[in-house]
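Examination of the molecular architecture
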Amino acid sequence: MRYRIVGAIVVANMLAAATVHAATGGGKGESVCPDQATIEANKKLAATMFQMPQNPNDIAKGPEIMDKDYVQHNPEFKRFGEINHLHGLEEFKALMPMMMRADGPFAPPPADAPKGNPLYMVMADCDMIVVLQQRYLPDPQYKGKYYEAFWFDAWRVKNGKLAEHWDPAVIPSKLPDY
């Protein structure tokens, strides 16, 4: 319970920081505060990113809900785009199917892993949405066991589309070949 409270505090602080980042020009656009119905619709929009097709070749759904000027702050996507001369939606369409493959970081978990919750917590502040995901990862010290871990994704929504994205990713030592 203590970790859930601490996790919620950390995510709430990240949400506030992301809102300040966008509102002060650190993001692509200015942050705006829509009405409550729009905020709820924005939360549902962000949640659809976790209902992506299981087949990596069917990833076309993503760009339908993303702004044409989508900005990605994930350094792995950015580096992949830099190397392959891609940007925004092009990065997403090229790299996401590779990451969903059986050996990729977004591959379905092993059958014996506990079921996580990709929508563990969905929070909104104006046009900023943060989704906290619960995952179970293989425990490196205890073969055959799993440990609980959390990941976050944050988006800025503009005109009903995902316009900007942040997460805690880092650049891996090897990027997929394109």
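Presented here is an overview of the structure given in this document. (Residues numbered from 1 in each chain as written. Predicted model: local features only at pLDDT ≥ 70, side-chain atom pairs only at ≥ 80, totals over all residues. Heavy atoms only, no water.)

**What to know about the overall build of the protein**
Looking only at helices and strands, one finds five helices and five strands in the protein. Tracing the protein from N to C terminus, the helices and strands come up as α-α-α-β-α-α-β-β-β-β. Of all 178 residues assigned to the protein, the portion counted as buried reaches 41%. At a minimum sequence separation of 6, the contacts of the protein that also span at least 24 residues come to 53%. Accessible surface computed for the protein: about 10,300 Å², of which carbon and sulfur atoms make up 57%. (Helix = DSSP H or I, 4+ residues; strand = E, 2+ residues; numbered from the N terminus. Buried < 20%, exposed > 50% of the residue type's maximum accessible area, 1.4 Å probe, protein only. Contact = heavy atoms within 4.5 Å. Areas by Shrake-Rupley, 256 points an atom, 1.4 Å probe, with all protein chains shown as cover.)

**Remarks on the pairing of strand E3 (residues 128-138)**
As judged from the six bridges shared by strand E2 (residues 117-125) and E3, these two strands associate in the antiparallel manner. Note on E3: the bridge partner recorded for methionine 123 is valine 130. Pairing between E3 and strand E4 (residues 146-158): 11 bridges, direction antiparallel. Bridged to methionine 128 within E4 is arginine 156. (Pairing = 2+ DSSP bridges.)

**Some words on unusual backbone geometry**
Backbone geometry places histidine 85, a non-glycine residue, at a positive phi of 60°. Mapped onto the secondary structure, histidine 85 falls in the loop between helix H4 (75-84) and helix H5 (89-99). What makes histidine 85 exposed here is its relative accessible area of 72%. For asparagine 159, which is not a glycine, the phi torsion comes out positive at approximately 55°. Relative to the helices and strands, asparagine 159 is located in the loop between E4 and strand E5 (161-166). Overall, asparagine 159 belongs to the exposed group, its relative accessible area being 72%.

**Here's the deal with the pairing of strand E1 (residues 66-72)**
Counting buried positions along E1 yields five of seven residues, so the element is predominantly enclosed. Judged from the three bridges that link them, E1 and E5 form a sheet pairing that is parallel. Its bridge partner lying in E5, methionine 66 is registered against leucine 162.

**Some thoughts on the nonpolar core**
Counting residues in hydrophobic clusters, the biggest one holds 23 residues, and the most contacted among them are Met66, Phe92, Trp155 and Leu162. Looking at this core element by element, the count peaks at seven residues for H5. Ignoring any residue separated from it by four or fewer positions in sequence, one finds tryptophan 155 in contact with Ala46, Met49, Phe50, Tyr70, Asp127, Met128, Ile129, Val131, Leu162, Glu164, His165 and Trp166. (Core = buried A, V, L, I, M, F, W, Y, C linked by side-chain atoms within 4.5 Å.)

**Focus: the pattern of salt bridges**
If you walk through the whole model with that rule in mind, you get six salt bridges. With a closest N to O distance of 3.8 Å, aspartate 67 and lysine 158 form a salt bridge. Pair noted here: aspartate 67 is in strand E1 and lysine 158 is in strand E4, with a separation of 91 residues, a long-range link. Look at lysine 158 and you get partly exposed, because its relative accessible area is 31%. In this structure, the salt-bridge partner of arginine 156 is glutamate 164, at a minimum N-O distance of 2.7 Å. (Salt bridge = Lys/Arg side-chain N within 4 Å of Asp/Glu carboxyl O.)

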